[in-house]
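What follows is the residue order along each chain.
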Amino acid sequence: MTETAALHRGRVIRRQIVTPHMVRVTVSDIIPADGVPPRFGVHADEFFALVVPSRDGEPVPRYYTARAWRPEVGELDIDLLLHGEGPATEWAGRAEIGDEVAFDEPRGHYRPPADSEWIGLCGGATALPAIGRIMQERYEATDASASARVHVVLSVDDPADRQDFPLRDGDTVRWVEADALVPETLVRAEADPDTPGYLWFAGEASDMRAVRHRLRRELRRPTDRWTTMGYWRRDRDRWLARYEAAGEAFHRRLEEVYASTDDDDTQADRAEELLAEKGLL
Ligand SMILES: Cc1cc2nc3c(=O)[nH]c(=O)nc-3n(C[C@H](O)[C@H](O)[C@H](O)COP(=O)(O)OP(=O)(O)OC[C@H]3O[C@@H](n4cnc5c(N)ncnc54)[C@H](O)[C@@H]3O)c2cc1C
C-alpha cells in the first residue's frame, strides 16, 4: 500500500469463529474513499491492504481477501487466520463490534483463460478465503466459465481447520501435509500438459518462488496459464531487517524495476535477481 492510497472506512458489525484458527470479521457502514465506492466483484481472489489497530493503537496495514461481498446490505466478510503473533492476527483474536478499520481499493489476479478445461487451486491456510470464494462463485455460476474441472490442493497445520467447498461433478479436493504442498502443486501443474488449463497458487513466499521457478523457467508455461502469489513470509521481521539494511542503491534499483514498463512477470524476474544478489530470497 502506498502512503497516499485512498482508504475506504468501515466498522466491524460481526465476528464469528469459522474453524479453530480462522475468524470471520464482517465490516459494514462503509464510507467510500473520496466518495467512490470500492469496486468489488472483478476477481474472485480480490484483496486489499486492511488497516487494523495494533495493540498500541497504531494503524497497521496487512493484505487480506474479500471472502464475500454482499452489495445489497453493504457487508464485507474477511477471514483472518490466527497464526500466532502479528498485529493483524492479534487484532483478529480480539476484534470487537464497533472496531474501525480501513482498506484500500480491491484488486486481484485470478483469471483463468476461457478455454481452460481444468483449474488447479493450491495453497496454505491463508489461501482458504480466496479458494472458498472462487469455489462458491463457480458453483453459483450459470455460464460456461464453470465448466472446467477444479482440482484443489490445500495444506493446514490443524486438520480441524479444513473447510468444505461446494463442488461440481469432476472436481477434486486434496488436503496434504505442509511439506507436500509444493510437490503436489507441481504434480497438479504438470498433470495435463496437453489440455489447456490454469493454475493458481498462493502460499509462503519461498514456496511460491519454487512453484513460479518451475513453471516459468523450467516448464516455460505461458504466463497467462498460472498465477503465483506470496501471501506471507517465514521470519518476516528478520527478513525485513535485512531488506531495510540492503542499502540505498539496492532500493533505488528495485524501485526502478517496479516503475518500469516491463510486464509483471518480467518485473518479478528482475526483482528476484536483485533480491538474490542480497541473499533476500
Ligand atoms: C494478496 C494477499 C491476500 C491475503 N489474504 C489473506 C486472508 O484472506 N486471510 C489471511 O489470514 N491471510 C491473508 N493473507 C496473508 C496475511 O497478509 C499474512 O499472513 C500477514 O503476514 C498477517 O499479518 P500479521 O500482522 O498477522 O503478521 P506479521 O506481522 O505479518 O508477521 C508476524 C509473524 O508471523 C508470521 N506469519 C505471518 N503470517 C503467517 C502465516 N500465515 N502462518 C504462519 N506464520 C505467519 C511471520 O513470519 C512473522 O514472523 C494474504 C496475503 C496477501 C499478499
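Residues numbered from 1 in each chain as written. Predicted model: local features only at pLDDT ≥ 70, side-chain atom pairs only at ≥ 80, totals over all residues.

Undergrad: I tried to follow the site of the ligand on my own but got confused; where do I start?
TA: In the region of the ligand, 25 residues are neighbours, and Thr-65, Leu-81, Gly-86, Ala-88 and Thr-89 sit closest. For the shell around the ligand, the elements supplying multiple residues, two or more each, are strand 4 (59-65), strand 6 (75-81), helix 1 (87-94), strand 12 (226-232) and helix 5 (236-244). The greatest single-element share of the shell around the ligand, amounting to four residues, is contributed by strand 4. Of the residues belonging to the shell around the ligand, the class tally is 11 nonpolar, six polar and eight charged. (Near = placed C-beta within 6 Å. Helix = DSSP H or I, 4+ residues; strand = E, 2+ residues; numbered from the N terminus. Nonpolar A, V, L, I, M, F, W, Y, C, P; charged D, E, K, R; others polar.)

Undergrad: Before we go on, may I ask you to explain helix 4 (residues 205-218) in this structure?
TA: Because each turn of an α-helix spans 3.6 residues, side chains separated by three or four positions in sequence point in the same direction. The first and last C-alpha atoms of helix 4 sit 19 Å apart over 14 residues, in line with the 20 Å expected at 1.5 Å per residue. Buried within helix 4 we find Asp-207, Met-208, Val-211, Arg-212 and Leu-215. Those residues of helix 4 hidden inside the fold are in contact with helix 3 (181-191), strand 11 (197-204) and strand 12. At the C-terminal side of helix 4, Arg-220 shows a positive phi close to 50 degrees. (Expected span 1.5 Å × (residues − 1). Buried ≥ 20, exposed ≤ 12 C-beta atoms within 10 Å, placed from the backbone. Contact = placed C-beta atoms within 7 Å.)

Undergrad: What exactly am I supposed to notice about the packing of helix 3 against helix 4 here?
TA: Remark: helix 3 packs on helix 4, axes separated minimally by 10 Å, with the N-to-C direction vectors making an angle of 25 degrees. As judged from the angle between their axes, helix 3 and helix 4 are roughly parallel. Judged by the sense of rotation from one axis to the other, the crossing of helix 3 with helix 4 is right-handed. From helix 3, Leu-181, Val-182, Thr-185, Leu-186 and Ala-189 reach across to helix 4, where they touch Asp-207, Ala-210, Val-211, Arg-214 and Leu-215. Residues belonging to the contact of helix 3 with helix 4 are distributed by class as follows: seven nonpolar, one polar and two charged. (Axes fitted to C-alpha atoms, helices over the stretch in contact; angles between N-to-C directions. Parallel < 35°, antiparallel > 145°, perpendicular 65-115°, else oblique. Left-handed = near helix turned anticlockwise from the far one by under 90°.)

Undergrad: Can you walk me through the domain arrangement of the protein chain in this structure?
TA: Size of an interface, as often reported, equals the accessible area lost when the parts are brought together. Domain annotation of the protein chain identifies domain 1 (8-103), domain 2 (118-234) and domain 3 (235-281). Spacing between the C-alpha centres of domain 1 and domain 3 amounts to 29 Å. (Domains from an automatic or database assignment.)

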